[in-house]
Each structure stands twice: as structure tokens, then as C-alpha cells.
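For reference, the chains in residue letters:
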Amino acid sequence: AKVESCNYQVLLDGRLIGTYSVNKTDINGTSNFRVETNTAAGLIRRAEHKSVMISSYEQSKLISFDLKTWVNQKLESSSGICWDGNQYVKQNGADLPQVCVKMVTYSSACLYFEEPVNMASLFYEKYGRELELSEFGDHQYEIELPNASKERYTYQNGKLNSVEIVQSFATITLRPTS
């Protein structure tokens, strides 16, 4: 098995609020991505947020993903899909607005390990759909999210160097630790 890992500090307007880790495990033509976020923030009342997403690929095609989020250790949401041979279908409890019929070969989990060169869109697991991807600078890419936030990814020598999530009220930055 080949295992790759990336670890990040999560900064809210420059203040450390948590960690973000991404692992990719390749075994016999199957790739499993695990993305885990742990943050704690709040001006008046501190809230702990955790999310875990597992995306599985076989022969470079997304076959399933599972995403769970917790707030203060209580499960807040759970969603996922799997490929049935013809289309992606929601798993029990999934709350996704729409599901792709087209086979996915690159998703948000892949951004941490492969620069999206010459790609105009990608499948974003959290939203369960394809989102537009634009290049806004040399090795810099931006995704406009349905919630009006923007995610900006910067690469150096083919490796992800930083991520900025720009929201109307704050900017979250992922800074590599390893």
C-alpha cells in the first residue's frame, strides 16, 4: 500500500482554531481519501466542529463517499453516495440536492494530491455536485461554492501549498505543517 498524508493548521483571520488532515491510501487500483477537520471557535460560546469525509476511487473513478459532521460531539449531518453502475445514488440519510449521473474522475478530495491542470470543474462531495473551477493566477485555482464563499488553492511544484476559504465575514486559511 502507498500512503500519502498532508496536515494543515486551520487559521481564522490569522488565529489558530484547529487542524485539517488529508490521507490518500492506494492499494491494488483502489484509492481511499480521508479528510478530517477539527476546529473550535466562537466569540460568545465556543463550538467544536469535526468533519470526516471518506472518498473511494476504483480505477480512477469515484465509487462512493461518506461525509459526517459533528458539532460539540453531536452528529449534525451525514451524507453519501455510491455508484450503482449507471449513476450515483444517495445512501440512507443523505441530504444532497442533486446527484450526478456522469462518472466522476476528480473531486474535492483529489485537490490535496493533484493540481487540477486544464480542468474547468470538479465534483464537490460536500454539495454532491459538479462545481466550476477557474484558474485565477499561475498555479492558482478558485471554486465558487453554493454558499457564496470562495475556495482558493495555490500549488507549488505540483503540490498544494495553501488554501484560503474567503467568506463574507472571515477568511479561513489552511497552512501546511508537513
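Bear in mind that the values here come from a model prediction, so they are computed numbers and not experimental data.

Novice: How should I be thinking about the environment of E36 in this particular structure?
Specialist: Structurally, E36 can be placed in strand β3 (residues 30–41). Taking the C-alpha atoms as reference points, E36 and T69, separated by 33 residues in sequence, lie 9.7 Å from one another. Here E36 is in contact with T19, Y20, S21, K50, S51 and V52, once residues within four sequence places are set aside. Of note is the side chain of E36, whose polar atom sits 2.8 Å from the side chain of R34. A distance of 3.2 Å separates the side chain of E36 from the side chain of N38, its partner in a polar contact.

Novice: Honestly, the packing of aromatic side chains in this entry has me stumped. Any pointers?
Specialist: Working definition: an aromatic ring pair is given by the centre-to-centre distance plus the angle between the planes. All told, the structure shown has 11 aromatic pairs when counted by the stated rule. Taking 6.0 Å as the distance between ring centres and 65 degrees as the angle between the ring planes, the aromatic pair formed by Y8 and Y112 counts as edge-to-face. In this pair, Y8 is assigned in strand β1 (residues 2–12) and Y112 in the loop between β7 (88–90) and β8 (121–124), connecting sequence segments 104 residues apart. The exposure class assigned to Y8 is buried, which follows from its relative accessible area of 3%.

Novice: Can you help me understand the nonpolar core in this one?
Specialist: In summary, soluble globular proteins display a tendency toward joint burial of nonpolar side chains. In terms of nonpolar packing, the biggest core is built from 40 residues, with Y8, Y20, L111, Y112, I143 and Y153 touching the most fellow members. Residues within four places of I143 in sequence aside, it is in contact with L111, L122, Y124, L131, E132, L133, S149, K150, E151 and Y153.

Novice: Whenever I open this one, the pairing of strand β9 (residues 129–137) confuses me. Can you help?
Specialist: Note on strand geometry: in a regular strand, side chains alternate between the two faces of the sheet. As judged from the four bridges shared by β8 and β9, these two strands associate in the antiparallel manner. Bridge pairing links L122 to L131 in β9. Taking the residues between adjacent antiparallel strands as the criterion, β8 and β9 are bridged by four residues, where G128 takes a positive phi near 65 degrees. Inspection of the sheet shows β9 paired to strand β10 (residues 140–144) by four bridges, in the antiparallel sense.

Novice: Honestly, the environment of R45 in this entry has me stumped. Any pointers?
Specialist: Structurally, the position occupied by R45 is in the loop between β3 and β4 (47–58). For R45, a relative accessible area of 74% gives the class exposed. Measuring from C-alpha to C-alpha, the distance between R45 and A1 comes to 43 Å, with 44 residues separating the pair along the chain.

Novice: It is not clear to me how the pairing of strand β13 (residues 171–176) should be interpreted in this structure. Could you clarify?
Specialist: Strand direction decides the pairing type here: β1 and β13, joined by five bridges, are antiparallel. From the neighbouring strand, L12 faces β13, where its bridge partner is I172. Where strand β12 (residues 159–166) lies against β13, four bridges are found, and the strand directions are antiparallel. Of the residues in β13, the one forming a bridge with E164 is T173.

Novice: Quick question: what am I supposed to make of the side chain of S108 here?
Specialist: Mapped onto the elements of the fold, S108 is located in the loop between β7 and β8. Polar side-chain contacts of S108 include one of 2.3 Å to the side chain of E125. Leave out the neighbours within four places in its chain, and S108 touches M53, L122, F123, Y124 and E125.

Novice: Can you help me understand the pattern of salt bridges in this one?
Specialist: Side-chain pairing between opposite charges can occur once the charged atoms of the two side chains come close. Enumeration over the complete set of coordinates arrives at seven salt bridges. The closest approach of N and O atoms between R34 and E36, which form a salt bridge, is 2.8 Å. Taking relative accessible area as the criterion, R34 reaches 34% and is therefore assigned partly exposed. Where K102 meets E130, a salt bridge forms, and the shortest distance between an N and an O atom there is 3.9 Å. Here the residue K102 occupies a position in the loop between β7 and β8, and E130 occupies one in strand β9, the gap between them amounting to 28 residues. In this structure K102 comes out as exposed when scored by relative accessible area, which is 55%. Classification of E130 as partly exposed rests on a relative accessible area of 29%. The structure contains a network of salt bridges with shared partners spanning R34, E36 and K50.

What counts, and where the lines are drawn
Residues numbered from 1 in each chain as written. Predicted model: local features only at pLDDT ≥ 70, side-chain atom pairs only at ≥ 80, totals over all residues. Heavy atoms only, no water. Helix = DSSP H or I, 4+ residues; strand = E, 2+ residues; numbered from the N terminus. Contact = heavy atoms within 4.5 Å. Polar contact = N/O pair within 3.5 Å; in protein donor to acceptor, adjacent residues only side chain to side chain. Phe/Tyr/Trp six-rings, centres within 6.5 Å; stacked < 30°, edge-to-face > 60°. Buried < 20%, exposed > 50% of the residue type's maximum accessible area, 1.4 Å probe, protein only. Core = buried A, V, L, I, M, F, W, Y, C linked by side-chain atoms within 4.5 Å. Pairing = 2+ DSSP bridges. Salt bridge = Lys/Arg side-chain N within 4 Å of Asp/Glu carboxyl O.

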